[in-house]
Amino acid sequence: MKSAYPSSPWYHLQFRLPVPRSVAGVWIFAIGLILLVMLGVQMLSGIVLAMFYVPTAGSAFDSIVHILRAVRHGELVRNLHAIGASLFFFACYLHIFRAMYYNVYRKPYLKMWAISVTLYVLLMITAFLGYSLIWGQKSYWAATVITSFARSIPFIGDTLYTFLVGGYMPGTPTLGRFYVLHFIIPFAIVAVTIWHIRTVQSAFAHARKKTFSPKESQRVLFDFRITENDAIKLTLFLMLFAWFLFFAPHYISSADNFIPADPTLTPAIVAPEWYFLPFFSILRCFPNELAGITAMCAAVLIFYFLPWLDTSHARFRNNSRLVKAFFWLWVANALFLGWLGSKALVGPDLIDGFSDDDGWTRAASQLSTVIYFAWFLLVLPCRRLLERQD
């Protein structure tokens with residue numbers, strides 16, 4: 001009987017990896033390939049930029065201006081790195097939301113999920129360090145505010161702050177530390193990414209109850225049908241990347257960051273890049289600094305505990321419509337938290353008591369923070385009662 005699969009040499013070189021149904025369709029399994037391509041773009045463009053960047057308080061911003069104006073194709077490389085970081089996180093959030101929607105954190109995906117969250121944490125650290133290296137007005141004050149919160153940590157706060165900043169306030173020692181870490185951590189990300197791909201292989205194999213031979217286990221290429229779908233969706237994503245790169249290179253940048261850092265002039269609104277805004281909103285909505293740091297760290301680290309917080313064992317087809325509605329409410333609330341993080345924090349404080357202050361963003365941030373954690377601590381533990389178990 002004639003095989004339904006092509007018999008080309010390219011097909012035989014590939015490793016036909018079984019994948020679950022959740023990777024098809026609108027959720028695009030290609031997000032994984034997109035993230036790999038964007039990681040390569042960030043690594044290559046970052047190495048080029050590192051050749052011209054000067055990590056000192058007096059020369060950091062001027063070196064970036066030099067890259068933009070004097071280095072051959074410097075503006076293109078710098079925009080590749082800056083825009084690529086934003087689109088990298090955009091694809092990363094899609095990847096996380098898809099995994100959460102399809103419950104790809106339960107057995108046999110526990111190890112894969114833990115490594116994925118670790119990758120996300122490393123990406124956040126690397127992006128924060130890179131954003132601070134611009135040494136523009138907004139990035140300088142964002143780094144100043146974030147690092148100052150370390151002082152509120154009991155016992156080790158002052159020591160940790162001195163280690164991070166290298167003095168009494170951000171300056172050349174801070175840039176030196178951030179520059180070295182920003183250059184080294186991506187190589188750790190590459191290593192963890194390879195580990196992640198191997199866990200994807202073994203997890204999907206376990207899900208399909210298939211045992212691979214030792215020779216097959218050494219390969220990580222995917223089935224040709226998945227690869228073709230990936231190529232189409234990757235092309236569409238790169239078209240979006242090219243549109244930002246050539247037609248709107250500064251659309252997702254802040255105008256304040258094109259001003260050299262001035263320690264004597266504080267901007268009206270101190271906020272990081274858009275992909276940090278939900279966590280920044282959680283951080284600043286608490287009247288106590290330690291409570292804010294604890295809540296922000298918990299908002300990220302709680303993803304590690306998803307497999308144990310979710311008490312349901314139902315397959316995706318048996319997921320409750322109510323639970324799905326709560327999930328999309330949580331996604332919308334996360335986006336709203338990000339929008340609140342870009343606004344000035346004004347209005348009454350619901351924790352310390354109501355006041356006559358004008359505005360509403362503080363109260364809204366606190367309520368949105370409660371909704372954010374309610375999904376993890378209230379909805380997921382109760383899923384078992386709402387869904388038919390397999």
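Residues numbered from 1 in each chain as written. Predicted model: local features only at pLDDT ≥ 70, side-chain atom pairs only at ≥ 80, totals over all residues. Heavy atoms only, no water.

If you check an unreviewed UniProt entry, the protein appears there as Cytochrome b from Citrobacter youngae. Under the Subunit (unreviewed entry) heading, UniProt states for the protein: "The main subunits of complex b-c1 are: cytochrome b, cytochrome c1 and the Rieske protein." The heading Sequence similarities (unreviewed entry) in the UniProt record of the protein holds the text "Belongs to the cytochrome b family." (UniProt positions renumbered as here; feature names shortened; annotations may be inferred.)

Let us look at helix α6 (residues 137–148). Here α6 contains 12 residues, and its C-alpha end-to-end distance of 17 Å stays within 8% of the 16 Å for a straight helix at 1.5 Å per residue. The buried fraction of α6 amounts to 9 of the 12 residues, a majority that puts the element mostly inside the structure. Taken as a whole, α6 has its buried residues at Q137, K138, S139, Y140, W141, A142, A143, T144 and T147. (Helix = DSSP H or I, 4+ residues; strand = E, 2+ residues; numbered from the N terminus. Expected span 1.5 Å × (residues − 1). Buried < 20%, exposed > 50% of the residue type's maximum accessible area, 1.4 Å probe, protein only.)

Here we come to a nonpolar patch on the surface. A cluster of nonpolar side chains, I47, V48, M51, F52, V180, F183, I184 and F187, forms an exposed patch at the surface whose accessible area comes to about 710 Å². With respect to the helices and strands, I47 occurs in helix α2 (residues 30–50). With a relative accessible area of 32%, I47 lands in the partly exposed category. (Patch = residues over 30% accessible without salt bridge, like charges linked within 9 Å, V, L, I, M, F, W, Y side chains within 5 Å. Areas by Shrake-Rupley, 256 points an atom, 1.4 Å probe, with all protein chains shown as cover. Salt bridge = Lys/Arg side-chain N within 4 Å of Asp/Glu carboxyl O.)

Moving on, we get to the confidence of the model for the protein. The predicted model of the protein has a mean per-residue pLDDT of 83, with 83% of residues at 70 or higher. Below a pLDDT of 50 lies the segment residues 1–5, which in the model reaches 3 contacts outside its immediate sequence neighbourhood of four places, other chains included. Within the model, pLDDT remains below 50 along residues 218–222, and this stretch shows 17 contacts once partners closer than five positions in the same chain are excluded. (pLDDT = per-residue confidence, 0-100. Contact = heavy atoms within 4.5 Å.)

Moving on, we come to the environment of K138. Structurally, K138 can be placed in helix α6. Once the C-alpha coordinates of K138 and T266 are considered, the two residues, 128 residues apart in sequence, prove to be 8.8 Å apart. When sequence neighbours within four positions are dropped, the list of residues in contact with K138 reads Y131, S254, D256, N257, A271 and P272.

Here we come to the side chain of T174. Structurally, T174 can be placed in helix α8 (residues 172–207). Engagement of the side chain of T174 in a polar contact is seen with the backbone oxygen of V165, the distance being 2.5 Å. Other than its neighbours up to four places away in sequence, T174 contacts L164, V165 and M169. (Polar contact = N/O pair within 3.5 Å; in protein donor to acceptor, adjacent residues only side chain to side chain.)

All right, on to the pattern of salt bridges then. Enumeration according to the criterion identifies 2 salt bridges in this entry. D310 is the salt-bridge partner of R106, the closest N and O atoms lying 2.9 Å from each other. Of this pair, R106 sits in the loop between α4 (74–101) and α5 (110–133) while D310 is found in the loop between α13 (306–309) and α14 (321–341), placing the two residues 204 residues apart along the sequence. Note on accessibility: R106 and D310 belong to one class, buried. Put simply, D310 and R383 hold a salt bridge, and the shortest N to O gap is 3.2 Å. Placement of the pair is D310 in the loop between α13 and α14 and R383 in helix α16 (residues 383–386), with a sequence separation of 73 residues. Taken as a pair, D310 and R383 share a single burial class, namely buried. Salt bridges linked by common partners bring R106, D310 and R383 together as one network.

Let us now look at the packing of aromatic side chains. The full count for this structure, using the stated rule, is 32 aromatic pairs. Centre to centre, the rings of F244 and Y251 are 6.4 Å apart; their planes meet at 45°, and the pair counts as tilted. Measuring from centroid to centroid gives 5.5 Å for W330 and Y372, while their planes differ by 35°, and the two rings are tilted. Of the two residues, W330 sits in helix α14 while Y372 sits in helix α15 (residues 361–379), which places them 42 residues apart along the sequence. The exposure class assigned to W330 is buried, which follows from its relative accessible area of 3%. (Phe/Tyr/Trp six-rings, centres within 6.5 Å; stacked < 30°, edge-to-face > 60°.)

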